Every structure is written in structure tokens, then in C-alpha cells.
Amino acid sequence: MMRDLLPAAVHVAESFGDLPEAVLLPEEEPAVARAVEKRRREYTTVRHLARRALGCLGHGGAALPPGELRAPRWPSGVIGSMTHCEGYRAAAVADAAVLASVGIDAEPHEPLPEEVLGGASLPEERGHLGRLARLRPGIHWDRVLFSAKESVYKAWHPLTGAWLGFEDAVLAFDPAGTFRARVLPGALVDGGPGVFDGRWSVADGFVTTAVVVDGDGPAAAAARCGCRDQDGGHAG
């Protein structure tokens, strides 16, 4: 599911449950030493998947302990993102010389609790969701919005080191499967993009969203024109 939302330069590994072969590395253990078993298995599986994807970049043995705000610390020269929800886990990584940032998120395709929607959306977004619901009533647009904002934040934070709240960006969706996030003026920081473009999908009971920020170096330009020599395919 997630790989369909991302360009070939991003390596993706995903599963629809926990993997019995997944194990933690010693550096990762402290973060879940006191966690309940469910949380521990999710944490373990998503890092196993991340190492599978990182193998495409030569970092298959990397430890991924949490860093600032519990985001994973990726190997030097790598950008990445992880997500997990009930029944689904995924990790996405790319060469930092090709892409500047990536953010992914998955959620169950269920209505968002009303109290959560109130804190996660702006008034203009709620009006937009109402119009979308009339166009495609089978989609839980509130959950799509929540997931997309999570993906935007995951792409934003590595670029800026700054927090981005749900109220700090306004999103608009194309029913065909894309969205655009505009960071509001009060949240903008030096070096932080003002606009993020992403993709969304609903399938198999899940909402998945992804945001990619292009790099600006020679390798990134070559990738965009299709001139890369290396294989840019996905991990399984």
C-alpha cells in the first residue's frame, strides 16, 4: 500500500502484522524496556522493516534508537519515516543526496473521534471535508486529514528541528489521491518549506498518506530526470 504512494527513489518495507523473526538491537531496547507487549512488538517489527529497507542503501544492520521527540535516528546520509497502526506497519527510507525528507503515516479507515477532529483541524478544513464527503461519501475524510497532517509533520521536523502543530498547517485534498499542505505564516521557520505536496489512499481498511520533499543537489536533479545509474526500486 505505502509503496504505491512513493517515488522509486524511496525504499519501502511493510507488513500487515508483527513478524516473528523481528528482533531489537541492544541500542533500541531501553526505549521499550517497560512497554506492554503489544507496543514492544510494534516497535520491534517496524524497526525490522526499516532495516530491510535500509539494506537497499547498505545500512541493513543499523540500530534505530529514538532521538528527539522519539523520532528514529537514521544512519548518516539517510532520510526515513516509520508508521504503525493496528494491523499494519511500514518504513520508508531514501538517500539524503536524492531526497530531502519523507513522511509516512497509516491509520485505520474509521471515523475520527469528534473530540480529536476538533483539535486536529481548522474551520476551513472542516468545511472542505464536508464538501469532499458529498463527492465521495465512502471515505472517512476526517481520518485522511489526520493521517496527512501526521505525514506532513514527519517530513517537516527533520528539515527544521521545529514542532508543527495540527493548527499550524492547512490542508486541501484532491479526491483523485493527492493533497497539499500550506504551513501558516506564524509557524514558518528559516529553511522550512512553506508547502508540502503528498498523496493519500484508502484500501484494505487503512488510510495511508505520504509526503516527499525533493532534494536540491546534483543527485536529486539526476533522479528527477531519470538519469540515475543505480536501481531505485523498492524493498519487499
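Refer to the structure printed above.
Note that the structure is predicted; figures quoted are calculated from it, not measured.

A.B. asks: Help me understand the sheet that holds strand β8 (residues 206-214), please; the structure alone is not making it clear to me.
C.D. replies: Across a sheet, paired strands are connected by hydrogen bonds in the backbone, their directions being either parallel or antiparallel. Read from one edge of the open sheet, five strands run β4-β8-β7-β6-β5, paired in antiparallel fashion. On the outer flanks of this sheet lie β4 (99-108) and β5 (169-174), each paired with one strand and no other. Within the sheet, the average angular offset between the axes of one strand and its neighbour, ignoring direction, is 20°. In this structure, β4 lies alongside β8, joined through nine bridges in antiparallel fashion. Its bridge partner being in β8, Val102 is matched across the sheet by Val212. Here helix α3 (residues 123-135) sits on the sheet and contacts β5 and β6 (178-183); the angle it forms with β5, its principal contact strand, is near 10°. Against the sheet, helix α4 (residues 141-160) makes contact with β4, β5, β6, β7 (195-203) and β8, and its axis sits at roughly 150° relative to β4, the strand it touches most.

A.B. asks: I tried to follow the sheet that holds strand β1 (residues 11-15) on my own but got confused; where do I start?
C.D. replies: A sheet is described by the order of its strands in space; here three strands give the open sequence β1-β3-β2, paired in antiparallel fashion. Of all strands in the sheet, those with a lone pairing partner are β1 and β2 (78-85), marking the two edges. Looking at each pair of strands side by side, their axes are set apart by 10° on average, direction ignored. Taken together, the eight bridges between β2 and strand β3 (residues 88-95) define a ladder with antiparallel strand orientation. In the sheet register, Val78 faces β3, and the bridge partner there is Asp95. Along the sheet, helix α1 (residues 37-54) contacts β1, β2 and β3; its crossing angle with β3, the most-contacted strand, is approximately 35°.

Each value, and the rule that gives it
- Residues numbered from 1 in each chain as written.
- Predicted model: local features only at pLDDT ≥ 70, side-chain atom pairs only at ≥ 80, totals over all residues.
- Heavy atoms only, no water.
- Pairing = 2+ DSSP bridges.
- Helix = DSSP H or I, 4+ residues; strand = E, 2+ residues; numbered from the N terminus.
- Axes fitted to C-alpha atoms, helices over the stretch in contact; angles between N-to-C directions.
- Contact = heavy atoms within 4.5 Å.

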